[in-house]
Amino acid sequence: MNLKLTKIYFSIQDYLIILFGTLLYGFGFNAFILSNEIVTGGVSGICALIFFASNGLIPVSVSYFVINVALLIVALKILGFKFLIKTIFGVFSLSTSLSFFEWLLGGQPILHDQPFMSIIIGAFMCGAGLGLVFSANGSTGGTDIIGAVINKYKNISIGRILLFCDFLIISSSFLLFHNVDKIVFGFVEMFISNYVLDMVLNGNRQSVQFLIFSQKYDEIADRIIHELGRGCTILDGHGGYSHKPVKVVVLLAKKSESVSIFRLVKRIDHQAFISQSIVRGVYGEGFDQIKT
């Protein structure tokens, strides 16, 4: 598989992950959260407020789509089309998912008379869904766009911006329901969802460093570049015991790619010596963006 085909494969894989993540979110939101009249954070929370204020006349999927289209138009000039292309796909995918499960479930909760358990399950599903979307470098739009725009010009973390927006949205549900319990449930959902999101996101984005000692270093480096689409560096070394010159292939990759790397190396040289270690952060092309 050459580099071009590898990039196409991972691109298609990203979109499939985003699609699955939005389906998971759409089901969890409709089946366990909206059906229990709980308002969450983000644009989905704003849409829930509109839904309840209109007595169900304006579906969440409709208001979600309209608000995000407006935000995308505003952000398109600031962030650029390349940055937003997966966000556009994520917005359309999640809008469709919300609409589908609105129709399928008819606004009825999966668990009756168990709001707290419903919130926990729904938060896990929504957090996992968003984590999958973000792990594929995608986005579902909404306050993520607002956070990205502000973060571009101000040295304020996106997480802090989103937390402030969520606090305002969830607290405003008191104006509709006059019920403190629902606000508490909303904050519980927010914290669990964000925790699960971080777990999924960090698990998928965790990076590893390989030190590969092999006499077939040249072939290994070439296959890593052309089959896995990863760059690598060849260092000169000197054996402490043998006192002979050695070559060391240094490779940084995602933890999810570890098995493929081990298989590739062992297929070329089953006597290769491989060291794998977890690295705290990797920034640059193919990994996280450098923030200044």
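Note that the structure is predicted; figures quoted are calculated from it, not measured.

J.: Provide a residue-level description of the overall build of the protein, including the pertinent values.
T.: Broken down by element type, the protein carries 11 helices and 4 strands. Relative to its 292 residues, the protein shows a buried fraction of 44%. In the protein, the share of contacts with a sequence separation of at least 24, taken over all contacts with a separation of at least 6, comes to 73%. Roughly 16300 Å² of accessible area belongs to the protein as shown, and the carbon and sulfur atoms make up 64% of that amount.

J.: Kindly report on the pattern of salt bridges, identifying the contributing residues and their values.
T.: Summed over all chains, the structure comprises 6 salt bridges. Close ionic contact of glutamate 227 with arginine 267 constitutes a salt bridge, the shortest N to O distance being 3.4 Å. Residue glutamate 227 is located in helix H10 (residues 217-227), and its partner arginine 267 is located in helix H11 (residues 258-268); the two are separated by 40 residues in the primary sequence. Overlapping salt bridges bring together Glu219, Arg223, Glu227 and Arg267 as one network.

J.: How would you summarise the pairing of strand S3 (residues 245-254) if you had to cite specific residues and measurements?
T.: Of the pairings in the sheet, the one linking strand S1 (residues 207-213) to S3 comprises 7 bridges and is antiparallel in character. By the bridge assignment for S3, isoleucine 212 is matched with valine 249. Looking at chain direction, strand S2 (residues 233-238) and S3 are connected through 6 bridges and run antiparallel. Looking at the pairing, aspartate 236 lines up with lysine 247 of S3.

J.: Just give me the short version of the packing of aromatic side chains, but keep the residues and values in it.
T.: According to the stated counting rule, one finds 13 aromatic pairs in the structure shown. One Lys or Arg, lysine 182, reaches over the ring of phenylalanine 177 and ends 5.4 Å from the middle of that ring.

J.: Pulling in residues and values, what's your account of the packing of H10 against H11?
T.: It is at 10 Å that the axes of H10 and H11 come closest, and there the two elements cross at 140°. The orientation of H10 relative to H11 falls into the category oblique. Relative to H11, the crossing made by H10 is right-handed. Together, Glu219, Ile220, Arg223, Ile224 and Glu227 of H10 and Leu264, Val265, Arg267 and Ile268 of H11 make up the contact between the two elements. Class assignment of the residues belonging to the contact of H10 with H11 gives a composition of 5 nonpolar, no polar and 4 charged.

J.: Talk me through the sheet that holds strand S4 (residues 273-279); I want residue IDs and the actual numbers.
T.: The strand order across the open sheet formed by 4 strands is S2-S3-S1-S4, and the pairing between neighbours is antiparallel. Either end of the sheet is taken by a strand with one partner, and the two such strands are S2 and S4. With strand direction ignored, the average angle separating the axes of adjacent strands in the sheet is 25°. Lying over the sheet, H10 contacts S1, S2 and S3, oriented at roughly 15° with respect to S3.

J.: If you had to explain helix H2 (residues 42-53) to someone new, which residues and values would you point to?
T.: For H2, with 12 residues, the first-to-last C-alpha span of 17 Å sits near the 16 Å given by 1.5 Å per residue. Phi turns positive one or two residues past the end of H2, at asparagine 55, with a value near 60°.

J.: Which residues make up unusual backbone geometry, and what are the values?
T.: Unlike most non-glycine residues, asparagine 55 shows phi in positive territory, near 60°. Looking at the element boundaries, asparagine 55 is found in the loop between H2 and helix H3 (60-79). Given the relative accessible area of 71%, asparagine 55 is considered exposed. For aspartate 113, which is not glycine, the phi dihedral falls at a positive 60°.

J.: Explain the side chain of threonine 140 to me, and be specific about the residues and the numbers.
T.: Within the element layout of this structure, threonine 140 appears in the loop between helix H5 (115-135) and helix H6 (143-153). With a relative accessible area of 7%, threonine 140 lands in the buried category. Among all residues touching threonine 140, those that are not within four sequence positions of it are Thr22, Tyr64, Asn68, Gly90, Val91, Leu94, Leu130 and Val133.

J.: With reference to specific residues and values, describe the environment of proline 245.
T.: By the secondary structure assignment, proline 245 is in strand S3. What makes proline 245 exposed here is its relative accessible area of 70%. When near neighbours in sequence (up to four residues on either side) are disregarded, proline 245 contacts Gly237 and His238.

J.: Mind laying out a nonpolar patch on the surface, listing which residues take part and the relevant values?
T.: On the surface, a cluster of nonpolar side chains totalling about 420 Å² of accessible area is made up of Ile12, Leu16, Leu19, Leu23 and Phe89. Within the secondary structure, leucine 16 sits in helix H1 (residues 3-33). Assessed through its relative accessible area of 54%, leucine 16 is described here as exposed.

Procedures and definitions
Along each chain, residues carry numbers from 1 onward, in the same order as the chain's sequence is written. Per-residue local features are limited, in this predicted model, to residues with pLDDT of at least 70; the limit for side-chain atom pairs, both in listing and counting, is 80 or more; totals at the level of whole chains, interfaces and linings are taken over all residues. Hydrogen atoms and water are omitted, and side-chain values are computed over all heavy atoms in the structure. Here a helix means four or more residues in a row that DSSP labels H or I, a strand means two or more in a row labelled E, and each is numbered from the N terminus. For each residue, the accessible area found with a 1.4 Å probe, counting protein chains only, is set against the maximum for its type, and the residue is called buried under 20%, exposed over 50%, and partly exposed in between. Contact criterion: two residues are considered in contact whenever any of their non-hydrogen atoms come within 4.5 Å of each other. Per-residue accessibility takes into account occlusion by the displayed protein chains alone, with areas from the Shrake-Rupley method and a 1.4 Å probe. Only one rule defines a salt bridge in this text: a Lys or Arg side-chain nitrogen within 4 Å of an Asp or Glu carboxyl oxygen. Being paired, for any two strands, means DSSP has found at least two bridges between them. Side-chain rings of Phe, Tyr and Trp (the six-membered ring for Trp) are treated as a pair once their centres are within 6.5 Å; stacked means planes under 30 degrees apart, edge-to-face means over 60, and tilted covers the remaining angles. The criterion is that NZ of a Lys, or CZ of an Arg, lies within 6 Å of the ring centre and within 35 degrees of the ring normal, and then a charge sits over that ring. Lines fitted to the C-alpha atoms define the axes, with helices restricted to the stretch that makes contact. Angles between their N-to-C directions range from 0 to 180 degrees. Should an angle fall under 35 degrees it is taken as roughly parallel, and over 145 as roughly antiparallel, whereas 65 to 115 is taken as roughly perpendicular and any remaining angle as oblique. Handedness of a helix crossing follows the sense of rotation of the near helix relative to the far helix, less than a right angle counterclockwise being left-handed and clockwise being right-handed. The nonpolar class holds Ala, Val, Leu, Ile, Met, Phe, Trp, Tyr, Cys and Pro. Asp, Glu, Lys and Arg form the charged class, and all remaining residues, Gly among them, are polar. Expected helix span is taken as 1.5 Å per residue step, with the number of steps being one fewer than the number of residues. Only residues whose relative accessible area exceeds 30% and that take part in no salt bridge are eligible for patches, with like-charged residues grouped when within 9 Å of each other and nonpolar side chains (Val, Leu, Ile, Met, Phe, Trp, Tyr) grouped when within 5 Å.

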